Amino acid sequence: MSDIRVLIVEDDPFIAMDIESAVAEQLGTRAELIVVESLTQARHICASKLSCALLDIDVVGGKTFDVAANLLQNGTPFAFVSGSTPTDVPEDLRTVRFLRKPFSTQEIARFVSDAVAASQNPSSV
């Protein structure tokens, strides 16, 4: 298992591939990319150690807000990547980075790079 683990929660396979490609281009083979499409899968993966996560809001099985709250509680950096608006996010999660679809792959790469750096060196945050 890699030291860098990135969770991508996205139910549209084409968007998931775009996000995965942007992350892979940024981190290369040193990262394990975990791509899931459902809330159930995301909850299961969330129980393990992650470097960061990218969450669509509306996925198979519902909204990812409880997954987001769990990540926030565990100190795992994450961003919402969604066609929803930031005001659709519960107030206690509105401080989280929000990348609006259509996103740029540079935005994704920058977020993941910064999040992984922060997760590997928490004292620099």
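Use the structure listed above.
Below is a short write-up of the structure. (Residues numbered from 1 in each chain as written. Predicted model: local features only at pLDDT ≥ 70, side-chain atom pairs only at ≥ 80, totals over all residues. Heavy atoms only, no water.)

Under the defined criterion, the tally for this structure stands at 3 aromatic pairs. Ring geometry for F65 versus F80: centroids 6.1 Å apart, planes at 80°, classification edge-to-face. Highlighted residues: F65 in helix α3 (residues 65-74) and F80 in strand β6 (residues 78-82), separated in sequence by 15 residues. When the centroid spacing of 6.4 Å and the interplanar angle of 45° are considered together, the rings of F80 and F98 count as tilted. Placement of F80 in strand β6 and of F98 in strand β7 (residues 97-100) is noted, with a sequence separation of 18 residues between them. The pair formed by F80 and F98 is uniform in burial state, with each residue classed as buried. Cluster of aromatic residues (ring-pair linked, three or more members): F65, F78, F80 and F98. (Phe/Tyr/Trp six-rings, centres within 6.5 Å; stacked < 30°, edge-to-face > 60°. Helix = DSSP H or I, 4+ residues; strand = E, 2+ residues; numbered from the N terminus. Buried < 20%, exposed > 50% of the residue type's maximum accessible area, 1.4 Å probe, protein only.)

Inspection of the secondary structure puts D56 in the loop between β3 (52-55) and β4 (58-59). With 41 residues separating them along the chain, D56 and I15 place their C-alpha atoms 9.9 Å apart. Beyond its immediate sequence surroundings of up to four residues, D56 is in contact with V9, E10, D11, T64, V81, S82 and K101. (Contact = heavy atoms within 4.5 Å.)

What follows is about the side chain of D56. Exposure remark for D56: the relative accessible area of 5% places this residue in the buried category. Only 3.2 Å separates the side chain of D56 from the side chain of K101, close enough to count as a polar contact. (Polar contact = N/O pair within 3.5 Å; in protein donor to acceptor, adjacent residues only side chain to side chain.)

Turning next to the sheet that holds β7. Across the sheet, 5 strands lie side by side as β2-β1-β3-β6-β7; this open sheet has parallel pairing. Since the sheet does not close on itself, it has two edges, and those belong to β2 (31-36) and β7, each with one partner. Pairs of neighbouring strands in the sheet enclose a mean axial angle of 20°, with direction left out of account. Taken together, the 6 bridges between strand β1 (residues 4-9) and β2 define a ladder with parallel strand orientation. Among the inter-strand pairings, L7 is bridged to a residue of β2, identified as I34. Packed on one face of the sheet, helix α2 (residues 39-46) meets β1 and β2 and runs near 150° to β2. (Pairing = 2+ DSSP bridges. Axes fitted to C-alpha atoms, helices over the stretch in contact; angles between N-to-C directions.)

The end-to-end C-alpha separation of helix α1 (residues 13-27) is 21 Å, in line with the 21 Å expected for 15 residues at 1.5 Å each. By the burial criterion, the buried members of α1 are A16, I19, A22, V23 and L27. What you see down the axis of α1 is that its buried residues fit within an arc of 130°, all on one side. For α1, the exposed residues set more than 90 degrees away from the buried face come down to P13, F14 and E25. (Expected span 1.5 Å × (residues − 1). Arc of directions from axis to C-beta.)

Next up on the list: unusual backbone geometry. In this chain, K101 is followed by P102 through a cis amide linkage whose omega measures 0°. As for its position among the elements, P102 is in the loop between β7 and α4 (105-120).

Looking now at the nonpolar core. The tendency in soluble globular proteins is for nonpolar side chains to be buried as a group. With 23 residues, the main nonpolar core has L7, L55, L71, F78 and F80 as its most contacted residues. Sorting the residues of this core by element identifies β1, β2, α2, β3, α3 and β6 as the ones contributing at least two each. L71 has contacts with C46, L50, A53, L55, T76 and F78, leaving out every residue within four places of it along the chain. Of all hydrophobic cores here, the second largest spans 19 residues; its members include V23, A31, C52 and A79. (Core = buried A, V, L, I, M, F, W, Y, C linked by side-chain atoms within 4.5 Å.)

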